Amino acid sequence: DRLVQNGAVRVIQGRVLSGEGFERLIAPGRPIPPTAREIHGIDDDMVKGKPPLSVVLPQFAGFAGTSVLVGHNVAFDLAFLDAAQGECGLALRQPVLDTMILAALLDPGYDLSLEAVAERLDVPPPGSQADPAPAATPSNEAPFQSSTPPPANPAGPVPSSCTVSARPGLPN
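These numbers come from a predicted model, not from an experiment. (Residues numbered from 1 in each chain as written. Predicted model: local features only at pLDDT ≥ 70, side-chain atom pairs only at ≥ 80, totals over all residues. Heavy atoms only, no water.)

Peer 1: I would appreciate a short explanation of the packing of helix H3 (residues 53–64) against helix H4 (residues 74–88) in the present structure.
Peer 2: Helix-helix packing: each pair is described by the crossing angle between the helix axes and the interaxial distance. Axis separation between H3 and H4 bottoms out at 10 Å; the angle between their running directions is 110°. One element, H3, and the other, H4, form an angle in the roughly perpendicular class. Here H3 contributes Leu53, Ser54 and Leu57 to the contact with H4, which in turn contributes Leu81, Ala84, Gln85 and Cys88. Each residue belonging to the contact of H3 with H4 can be placed in one class, and the counts come to 5 nonpolar, 2 polar and no charged. (Axes fitted to C-alpha atoms, helices over the stretch in contact; angles between N-to-C directions. Helix = DSSP H or I, 4+ residues; strand = E, 2+ residues; numbered from the N terminus. Parallel < 35°, antiparallel > 145°, perpendicular 65-115°, else oblique. Contact = heavy atoms within 4.5 Å. Nonpolar A, V, L, I, M, F, W, Y, C, P; charged D, E, K, R; others polar.)

Written out as structure tokens, the structure is:
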């Protein structure tokens, strides 16, 4: 019921903006149980000295801005973010798009895991060398700053989306 990591990348017109992402380890305020460590690979030493959620969540809200939040099985992630918002006195009000729900509607009966959906769509699996998103590794603790802004669109501003991933650290 505690987050230990939060990460996102910015996507505009279907492209991940190279070098612009958000990745934070979060000190959960209590030991991470072995069962949770086996799932996400984050241990107590990795979060030692990291900021608490009350610091990270406002930073993430600033990164996300008014972007649409997109994720795979994002309802799971949002349950943890929603609980955390109450603790922090902050509300994320962006629209949310869940790629797992879309995959279930478009490919009923198929494996809905992120890896299987990516393979069916011929998209590089997350974390592969062909994946343009910043790797979700504990060493990526500071947000990345884009050195070049996205190209201007003569038709006006283009809505951006922000893919989101939150890793719960402790089971209920």
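Peer 1: How should I be thinking about the packing of aromatic side chains in this particular structure?
Peer 2: Aromatic ring pairs: the centre-centre distance and the angle between the two ring planes describe each pair. By the definition in use, this model includes 3 aromatic pairs. One aromatic cluster is present, built from ring pairs that chain together Phe22, Phe60 and Phe63. A cation over a ring is seen here: Arg10 above Phe63, with NZ or CZ 4.3 Å from the ring centre. (Phe/Tyr/Trp six-rings, centres within 6.5 Å; stacked < 30°, edge-to-face > 60°. Lys NZ or Arg CZ within 6 Å of the ring centre and 35° of its normal.)

Peer 1: Honestly, the environment of Ala61 in this entry has me stumped. Any pointers?
Peer 2: For Ala61, the position within the fold is in helix H3. A sequence separation of 33 residues divides Ala61 from Gln94, and the C-alpha atoms of the two residues are 9.8 Å apart. Once you skip the residues sitting within four places of it in the chain, Ala61 turns out to touch Leu90 and Leu92.

Peer 1: I would appreciate a short explanation of the side chain of Gln85 in the present structure.
Peer 2: Within the secondary structure, Gln85 sits in helix H4. At a separation of 2.4 Å, a polar atom in the side chain of Gln85 contacts the main-chain amide nitrogen of Leu92. In contact with Gln85, other than residues within four places in its own chain, are Leu57, Leu90, Ala91 and Leu92. (Polar contact = N/O pair within 3.5 Å; in protein donor to acceptor, adjacent residues only side chain to side chain.)

Peer 1: Help me understand a nonpolar patch on the surface, please; the structure alone is not making it clear to me.
Peer 2: A contiguous nonpolar patch, built from Leu97, Ile101, Leu102, Leu105 and Leu106 and spanning about 500 Å² of accessible area, is present on the exposed surface. No other element matches the 4 residues that helix H5 (residues 99–106) contributes to the nonpolar patch. Tracing the backbone shows Leu106 in helix H5. In this structure Leu106 comes out as exposed when scored by relative accessible area, which is 67%. (Patch = residues over 30% accessible without salt bridge, like charges linked within 9 Å, V, L, I, M, F, W, Y side chains within 5 Å. Areas by Shrake-Rupley, 256 points an atom, 1.4 Å probe, with all protein chains shown as cover. Salt bridge = Lys/Arg side-chain N within 4 Å of Asp/Glu carboxyl O. Buried < 20%, exposed > 50% of the residue type's maximum accessible area, 1.4 Å probe, protein only.)

Shape descriptors only; they carry no functional weight alone.
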